[in-house]
Amino acid sequence: MSQLQGILTRLKSLQEQATGGEPMQRFFEVNGERKCQVTFHPKNETFELEVYYDKEKPKRYQFDNIDMITIEIFDLIQ
């Protein structure tokens, strides 16, 4: 399985687990270092990507398209 497909599978699993209206979270790491966190909000069916940078405050981005956030995560962990 390609890395891109693996990311997409994890995000789809996140969507499926988010029942009862509670947001679900997943972390993506490279060599044990967290690169980002994804939160899926089932009420409005959006993803929130929180990107961690060295010595900077994390930045947050909103996505309503699973393919777009998959590409963003892929770029971050390359």
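Everything that follows concerns the structure shown earlier in this document.
Residues numbered from 1 in each chain as written. Predicted model: local features only at pLDDT ≥ 70, side-chain atom pairs only at ≥ 80, totals over all residues. Heavy atoms only, no water.

A.B. asks: Looking at this model, I keep getting lost on the packing of aromatic side chains. Mind explaining?
C.D. replies: The description of an aromatic ring pair uses the distance of the two centres, along with the angle that the planes make with each other. Applying the stated criterion across every chain yields a total of one aromatic pair. Ring geometry for Phe40 and Phe47: centres 4.9 Å apart, planes at 50 degrees, overall tilted. Residue Phe40 shares its accessibility class with Phe47, and that shared class is buried. Residue placement shows Arg10 over the ring face of Phe28; its charged tip is 4.3 Å from the ring centre. Directly above the ring of Phe27 sits Arg34, whose terminal nitrogen or CZ lies 3.6 Å from the centroid. (Phe/Tyr/Trp six-rings, centres within 6.5 Å; stacked < 30°, edge-to-face > 60°. Buried < 20%, exposed > 50% of the residue type's maximum accessible area, 1.4 Å probe, protein only. Lys NZ or Arg CZ within 6 Å of the ring centre and 35° of its normal.)

A.B. asks: I tried to follow the sheet that holds strand S4 (residues 59–63) on my own but got confused; where do I start?
C.D. replies: By definition, the strands of a sheet pair up through backbone hydrogen bonds, in either a parallel or an antiparallel sense. Reading across from one edge, S1-S2-S3-S4 is the order of the four strands in this open sheet, with antiparallel pairing throughout. Because the sheet does not close on itself, it has two edges, and the strands there are strand S1 (24–30) and S4. For this sheet the average axis-to-axis angle between neighbouring strands, irrespective of direction, equals 20 degrees. Strands S1, strand S2 (33–41) and strand S3 (46–51) of the sheet are contacted by helix H1 (residues 3–17), whose axis makes an angle of about 160 degrees with S1. (Pairing = 2+ DSSP bridges. Helix = DSSP H or I, 4+ residues; strand = E, 2+ residues; numbered from the N terminus. Axes fitted to C-alpha atoms, helices over the stretch in contact; angles between N-to-C directions. Contact = heavy atoms within 4.5 Å.)

A.B. asks: Which parts of the structure should I look at to understand the side chain of Thr39?
C.D. replies: Mapped onto the secondary structure, Thr39 falls in strand S2. You can call Thr39 buried: its relative accessible area is 5%. Side chain to side chain, Thr39 and Gln37 meet in a polar contact 3.4 Å long. Residues within four places of Thr39 in sequence aside, it is in contact with Pro23, Met24, Gln25, Thr46, Phe47 and Glu48. (Polar contact = N/O pair within 3.5 Å; in protein donor to acceptor, adjacent residues only side chain to side chain.)

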